[in-house]
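Chain and residue survey
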Amino acid sequence: MTTLGIIGAGNIGSQVARAAIGAGYDVVIANSRGPETLAGLVEELGPRARAATAAEAGAAGDVVVVTVPLHAIEKLPVEPLAGKIVLDTNNYYWERDGRIPALENGETTTSQLLQEHLPTSQVVKAFNHIPAADITTDTAPAGTPGRRALAVSSDHPEAVAFATRLYDELGFDAVDVSPLSESWRVERDRPAYVVRQSAAELRENLDRASRLP
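Read on for an overview of the structure. Just so it is clear, the model here is predicted, and its values are computed rather than measured.

All right, on to the overall build of the protein then. Scanning the protein from terminus to terminus reveals eight helices and eight strands. For a compact globule of 213 residues, the expected C-alpha radius of gyration is about 17 Å, and the protein comes in at 16 Å, within 12% of that figure. Projected onto the principal axes, the alpha-carbon positions of the protein cover approximately 45 × 40 × 30 Å. Each of the 213 residues in the protein was classed as buried or not, and the buried ones make up 53%.

The following block contains the structure:
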């Protein structure tokens, strides 16, 4: 069974952990404050979860979820994530991250910045445009009319395939927005951002997006 390393134990990270464990995955989760501060979360998650440092979570994960603030990606360990699929949940909040001209001018995307930091990893955009609480509550079996859809975007087909399968296992349809340079279409302030949408509605919202909101 696949082990997910999760770097970042905030709202999204903890919810992905809950959902993944419910689907049968093992989880190794880390935050910036140390494994001992995650005792309560790990107790809640149960025997399939354990706490670790970021480097340990990266090394333990067959696939790694990075869900830290954008301004903190430069601190992420590179070597433990080498050669691995890395799911990136990040969004750019200038109020938190400071102004980043390359993003504001439409020259790059948040996930491309992470891919640059992790050049030997296969970065894939995932879980960035859904409220955290909905990850475990707004789910449905495959084929359900109106099933919620989430976008996936990567330069690596293997990463797209894994994220698509994970979405399905957790109860979501997937819409491919590859390559990674197109992932701006689901970033903050675009029509697809944090709204509930089916696959058809998501495709419509992706088409409506403007490069510079």
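On to the pattern of salt bridges. Going through the model one piece at a time under the given rule, you end up with 14 salt bridges. In this structure, Arg48 engages Asp26 in a salt bridge whose closest nitrogen and oxygen atoms are separated by 2.8 Å. Separated by 22 residues along the polypeptide, Arg48 in the loop between α2 (39-45) and β3 (49-51) and Asp26 in strand β2 (residues 26-30) bring together distant segments of the chain. Here Asp26 falls in the partly exposed class, since its relative accessible area comes to 24%. The closest approach of N and O atoms between Arg190 and Glu187, which form a salt bridge, is 3.9 Å. Both residues of the pair, Arg190 and Glu187, count as buried. When salt bridges that share partners are traced, they join Asp134, Asp138, Arg148 and Arg196 into one network.

Summed over all chains, the structure comprises one aromatic pair. Geometrically, the ring pair formed by Phe127 and Tyr167 is edge-to-face, given 5.2 Å between the ring centres and 85° between the ring planes. A residue pair is termed long-range when its members are at least 10 positions apart, and Phe127 in the loop between β6 (122-125) and β7 (149-154) and Tyr167 in helix α7 (residues 157-170) qualify at 40 residues. The exposure class assigned to Phe127 is buried, which follows from its relative accessible area of 1%. For Tyr167, a relative accessible area of 0% translates into the label buried. Sitting over the ring of Trp94, Arg99 keeps its end group 3.8 Å from the ring centre.

With respect to the secondary-structure elements, Ala54 resides in helix α3 (residues 54-60). Counting along the chain gives 104 residues from Ala54 to Glu158, while the straight-line C-alpha distance between them is 24 Å.

Between Ser178 and Pro179 the backbone carries a cis peptide bond, its omega angle lying at 0°. Mapping Pro179 onto the fold places it in the loop between β8 (173-176) and α8 (199-208). A positive phi angle, close to 75°, is found at Asp189, a residue other than glycine. For Asp189, the position within the fold is in the loop between β8 and α8. Given the relative accessible area of 57%, Asp189 is considered exposed.

Criteria and cut-off values
- Residues numbered from 1 in each chain as written.
- Predicted model: local features only at pLDDT ≥ 70, side-chain atom pairs only at ≥ 80, totals over all residues.
- Heavy atoms only, no water.
- Helix = DSSP H or I, 4+ residues; strand = E, 2+ residues; numbered from the N terminus.
- Rg over C-alpha atoms; globule rule 2.2 N^0.38 Å.
- Buried < 20%, exposed > 50% of the residue type's maximum accessible area, 1.4 Å probe, protein only.
- Salt bridge = Lys/Arg side-chain N within 4 Å of Asp/Glu carboxyl O.
- Phe/Tyr/Trp six-rings, centres within 6.5 Å; stacked < 30°, edge-to-face > 60°.
- Lys NZ or Arg CZ within 6 Å of the ring centre and 35° of its normal.

Treat this as a map of the structure, not an account of what it does.
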